[in-house]
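Chains, contacts and geometry: an overview
The primary structure of each chain is shown beneath.
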Amino acid sequence: MNSQLSFEVREAIVSVCGKIFWYKDPFRAFLISTCGVPTDLYDRYSDESKFKIARNILSDLDRMGDDGFLIERKIVTELCKLRNIPDDNVPDRKAAIEALRWLKKLAAEQKLVAEKEQSESEAKVNEARRRQLALAARAQRMEQLRSEFAAMSMATTVEEVQRRGYDLEELLAQLFEAHEINYRRPYRVKNEQIDGYFGYKGFDYLVEAKWRSSSPTESDLAALKRKVDKKLTSTRGLFFSMAGFRQEVVFEFTRGMSSNIILMDGSDLILILEGHVSLLDGLELKIQKAAQEGIIFFPLSQRFSM
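The structure reproduced in this document is the subject of the present report. (Residues numbered from 1 in each chain as written. Predicted model: local features only at pLDDT ≥ 70, side-chain atom pairs only at ≥ 80, totals over all residues. Heavy atoms only, no water.)

Details of the nonpolar core
Side chains of nonpolar character tend, in soluble globular proteins, to be buried together. We count it as follows: Working definition of a nonpolar core: buried Ala, Val, Leu, Ile, Met, Phe, Trp, Tyr and Cys residues. They are joined through side-chain atoms within 4.5 Å. Buried means the residue's accessible area, taken with a 1.4 Å probe over protein chains only, is under 20% of the maximum for its type, while exposed means over 50%, and partly exposed covers the values in between. A run of H or I in DSSP becomes a helix once it reaches four residues, and a run of E becomes a strand once it reaches two; helices and strands are each numbered from the N terminus. Residues count as neighbours in contact if any of their non-hydrogen atoms are within 4.5 Å of one another.
Within the largest apolar cluster, 39 residues are counted, with the highest numbers of intra-cluster contacts made by Ile 13, Ile 57, Ile 75 and Leu 79. Of all the secondary-structure elements, those providing two or more residues to this core are helix H1 (7-20), helix H2 (24-34), helix H3 (39-43), helix H4 (50-63), helix H5 (66-81) and helix H6 (93-109). Ranked by residues supplied to this core, first place goes to H1 with seven residues. Those residues in contact with Ile 57 that lie beyond four places of it in its chain are Leu 31, Val 37, Leu 41, Tyr 42 and Tyr 45. Residues Tyr 183, Phe 240, Met 264 and Leu 271 belong to the second largest nonpolar core, which totals 34 residues.

Here it is, written out as structure tokens:
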């Protein structure tokens, strides 16, 4: 398979992408949802102009070989399917239409527009390859995270012990990203320190991560709840403690009041890192237990054995 577009077609794609979209949201949705561009590939250049985003994405797709060329063909095909400018806010509609017509002319001459059946078949093959590559990449990343966690657990010096709290925050970020969950690393909001944030199934989660010798107190749990309560009602909290949680502390914290946080400990993390349960399955189980039974700390070891 010829795995590279001609220079003319590449420049035509860049021109069209920059001219037929005004806002970036519909542009992003078109490339990711319609054309199959990997989310992380788009987000890598999301701060650039639309012209630069398109140019950089095409360059990266070129480096992916045949898999990338299938996505490039899909972009050309979907652009050529357009019968009108998809974004009514574009400032120069005439220039946008002319750019689209020129791309269609080039695509027809170079026979780049895939027939429907062929396009669907290629899309299925491409999706299967993408999943295989994603699984392989996740397995490799999990192996690296296991090694990093083992090194963190063997910390002996005062400096190493102090640093591993920050290392834990980074490990959690990479763990979530390995499972294709967008994760925001530690940040500050006014006088609040947030150890992490992620979105999952329509809810926003604030993360508190602790690697201390002692388990969290009731006031520690309440502090996270206060942060959560000040945000939108769709916000929840995930408190991660390597030292675990004392049963009496969890009992007192939940007695007579509703809770919008779930708890995860070091044993849970080990089960996930060693592959006995995926992060997604572990999160799902903990959320179900909290929502259905009011159990905010359900050790994964009770369901998944090592």
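A look at the pattern of salt bridges
Any two side chains of opposite charge can pair, given that their charged atoms come close. Note the following rule: For salt bridges, the criterion is a side-chain nitrogen of Lys or Arg within 4 Å of an Asp or Glu carboxyl oxygen.
Inspection of the entire model under this criterion finds 24 salt bridges. For Glu 148, the salt bridge identified is with Arg 141, shortest N-O distance 3.8 Å. A relative accessible area of 21% places Arg 141 in the partly exposed class. Residue Glu 252 pairs with Arg 255 through a salt bridge whose shortest N-O separation is 3.0 Å. What emerges from the salt-bridge pattern is a single network uniting Arg 44, Asp 60 and Arg 63.

Examining the pairing of strand S7 (residues 261-265)
Buried residues dominate S7, accounting for five of its five residues. Because side chains alternate across S7, one face comprises the buried residues Ile 261, Leu 263 and Asp 265, and the other comprises Ile 262 and Met 264, equally buried.

A short note on the side chain of Glu 72
Put simply, the rule is: The charge count treats Lys and Arg as positive and Asp and Glu as negative. His and the chain ends do not count.
Residue placement: Glu 72 occurs in helix H5. Although Glu 72 is buried, it makes no salt bridge; Arg 10 carries the closest opposite charge, 4.1 Å away. Beyond its immediate stretch of four places on either side in the chain, Glu 72 contacts Leu 5, Arg 10, Leu 58, Leu 61 and Asp 62.

A short note on the packing of aromatic side chains
How two aromatic rings sit relative to each other is set out by the distance from centre to centre and by the angle between their planes. Using the following cut-off: Two rings belonging to Phe, Tyr or Trp (six-membered ring only in the last case) form a pair when the distance between their centres is within 6.5 Å. Interplanar angles under 30 degrees mark stacking, angles over 60 mark edge-to-face geometry, and anything in between is tilted. When the NZ atom of lysine or the CZ atom of arginine is within 6 Å of a ring's centre and also within 35 degrees of its normal, the charge is said to sit over that ring.
In total, this model carries 10 aromatic pairs according to the counting rule given. Among the aromatic side chains, those forming a connected cluster through ring pairs are Phe 21, Phe 27, Phe 30 and Tyr 42. In this arrangement the basic side chain of Arg 184 is found over the ring face of Tyr 187, its NZ or CZ atom lying 3.6 Å from the centre. One cation-aromatic arrangement involves Arg 236 over Phe 203; the distance from NZ or CZ to the ring centre is 3.5 Å.

Some details on the packing of helix H9 (residues 218-229) against helix H10 (residues 247-254)
How we decide: Here, axes are lines fitted to C-alpha atoms. For helices the fit covers the stretch in contact, and angles between N-to-C directions go from 0 to 180 degrees. An angle below 35 degrees is treated as roughly parallel, one above 145 as roughly antiparallel, one from 65 to 115 as roughly perpendicular, and anything else as oblique. Should the near helix be turned counterclockwise from the far one by less than a right angle, the crossing is left-handed, whereas a clockwise turn marks it as right-handed. The classification used treats Ala, Val, Leu, Ile, Met, Phe, Trp, Tyr, Cys and Pro as nonpolar, Asp, Glu, Lys and Arg as charged, and all other residues, Gly among them, as polar.
Where H9 meets H10, the closest approach of the two axes is 9 Å, and the angle between their N-to-C directions is 45 degrees. On the basis of the axis angle, H9 is oblique to H10. Between H9 and H10 lies a crossing of right-handed hand. Across the interface between the two elements, Glu 218, Leu 221, Ala 222 and Lys 225 of H9 pack against Val 249, Glu 252 and Phe 253 of H10. When grouped by side-chain class, the residues that make up the contact of H9 with H10 number four nonpolar, no polar and three charged.

Observations regarding the sheet that holds strand S4 (residues 196-200)
Here is the rule we go by: Between any two strands, pairing holds if DSSP finds at least two bridges.
Read across the open sheet, the five strands follow the order S1-S4-S5-S6-S7; overall the sheet is mixed. Each having just a single partner strand, strand S1 (183-184) and S7 make up the two edges of the open sheet. For S1 and S4, the ladder comprises two bridges, and the chain directions are antiparallel. Following the sheet pairing, Arg 184 is matched in S4 by Tyr 197. Along the sheet, H9 makes contact with strand S5 (203-210), strand S6 (235-241) and S7, crossing S6 at roughly 155 degrees.

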